[in-house]
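Examining the three-dimensional arrangement
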Amino acid sequence: HELKTPLAAIGAASQELLRLAANGQDAQMLKDLAGEIHDGSHRLNRVVNNLLDMNRLESGVVQPNREWCDVRELLQSAIESERESTDGREIRLDVPENTPLALIDHLLMEQAVAKLLANAGSHTPSRLPIEVDAECSNGRLLISVSDRGPGVPPESCERVFEKFYRGDSRRAGGLGLGLAIARGFVEAHGGKLTAENRDGGGARFTIDIPVRVTDEKTLEAN
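So, here's what we can say about the structure. For every chain, the first residue of its written sequence is number 1, and the numbers climb from 1 along that sequence. It should be noted that, the model being predicted, local features are given only for residues of pLDDT at least 70 and side-chain atom pairs only at 80 or more, the latter also being counted only at that level, while totals for whole chains, interfaces and linings use all residues. The side-chain values count all of the structure's non-hydrogen atoms but skip hydrogen atoms and water molecules.

Description of the overall build of the protein chain
Definition in use: Secondary structure elements are defined from DSSP: runs of H or I of at least 4 residues count as helices, runs of E of at least 2 residues count as strands, and each element is numbered from the N terminus. Categorising residues by exposure relies on relative accessible area from a 1.4 Å probe, with only protein chains included: less than 20% of the type maximum marks a residue as buried, more than 50% marks it as exposed, and the intermediate range marks it as partly exposed. Any two residues whose heavy atoms approach within 4.5 Å at even a single point are treated as in contact. Throughout, the Shrake-Rupley method with a 1.4 Å probe supplies accessible areas, and for residues the shown protein chains are the sole cover considered.
Counting secondary structure elements, the protein chain contains six helices and eight strands. Shown N-terminal to C-terminal, the secondary structure of the protein chain runs as helices and strands in the order α-α-β-α-β-β-α-β-β-α-β-β-β-α. Burial statistics for the protein chain: of 222 residues in total, 42% are counted as buried. For the protein chain, contacts bridging at least 24 residues in sequence account for 72% of all contacts bridging at least 6. Within the structure as shown, the protein chain displays about 12,200 Å² of accessible surface, and the carbon and sulfur contribution to it stands at 48%.

Points about helix 3 (residues 71–81)
In plain terms, the rule: What the arc covers is the set of directions going from the helix axis to the C-beta atoms. We call two N or O atoms a polar contact when they sit within 3.5 Å, provided that within protein one can donate a hydrogen and the other can accept it, with sequence-adjacent residues counted only if both atoms are side-chain atoms.
Of the residues making up helix 3, those classed as buried are Val71, Leu74, Leu75, Ala78 and Ile79. Down the axis of helix 3, the buried set is contained in an arc of 135°. They therefore lie on one face. Of the exposed residues in helix 3, the ones pointing more than 90 degrees away from its buried face are Glu73 and Glu80. Looking at the buried side of helix 3, the elements it contacts are strand 1 (67–69), strand 2 (91–94), strand 3 (101–104), helix 4 (106–123), strand 4 (130–137) and strand 5 (140–146). Capping the start of helix 3, Asp70 holds a side-chain oxygen 3.0 Å from the backbone nitrogen of Arg72, two or three residues further along.

Section: the sheet that holds strand 6 (residues 192–197)
Through backbone hydrogen bonds, the strands of a sheet pair up, either in parallel or in antiparallel fashion. Quick reminder of the rule: Any two strands between which DSSP finds at least two bridges are classified as paired. In this description, a line fitted to the C-alpha atoms serves as the axis of each element, helices being fitted only across the stretch in contact, and the angle between N-to-C directions of two axes falls anywhere from 0 to 180 degrees.
The strand order 2-4-5-7-6 describes an open sheet built from five strands, whose pairing is mixed. The open sheet has two edge strands, strand 2 and strand 6, and neither has a second partner. This sheet shows a mean twist of 15° between the axes of neighbouring strands, independent of strand direction. Pairing analysis gives seven bridges linking strand 5 to strand 7 (residues 203–210), with the strands arranged antiparallel. Counted as the bridge partner of Leu142 is Asp208 from strand 7. Lying over the sheet, helix 3 contacts strand 2, strand 4 and strand 5, oriented at roughly 170° with respect to strand 2. Against the sheet, helix 4 makes contact with strand 2, strand 4, strand 5, strand 6 and strand 7, and its axis sits at roughly 170° relative to strand 7, the strand it touches most.

Here's the deal with the sheet that holds strand 3
Here three strands make up an open sheet; going across it, the order is 1-3-8 and the pairing antiparallel. Each edge of the sheet is formed by a strand with only one pairing partner; in this case those strands are strand 1 and strand 8 (213–214). Pairing geometry for strand 3 and strand 8, over two bridges, is antiparallel. In the sheet register, Leu101 faces strand 8, and the bridge partner there is Thr214.

As structure tokens, then:
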């Protein structure tokens, strides 16, 4: 379904686009059809990337390439990468100014956070914000992505990280791989990813990884 639906949309839209373009007709319709093709391509790209990432994790080839990363910049990058999937929802970022540089794999951690954001975007009402928080202390980096959606059934706080688990499929599409992949990337860092319900409603997903830290002055001095 997740492959056939966007493929069908792309095929139908491109066929109609070719017909209208040949006659130079209906500029708005051309724009709408191009949008359908774009949306279908984006959806397919996400499915394919998730399948490839899951295969990498199961093959045991994911090894973090650690580098000194600015945590705020990493989170901002993840937020920007998911602007489309969060569909204009407000995303509040809270990172203390004195947060040190952390030695992590920027790409893997950015992708893990991005998948949490995509999940939050699929469950959060459009009028409510998604919150991203980070703190680093005692050799551990904590990153949380919180929403005000329906929350997670208590019995499913672990099941949500299983492959192909989608919970209430009426609320969100997808293959049910995003959270499993996010946990795999976090565990590759020797950390853990957990889910819990928030007071007042909604869910919070928290990344907890051990890290080495430094500051820019120390790094420049070396």
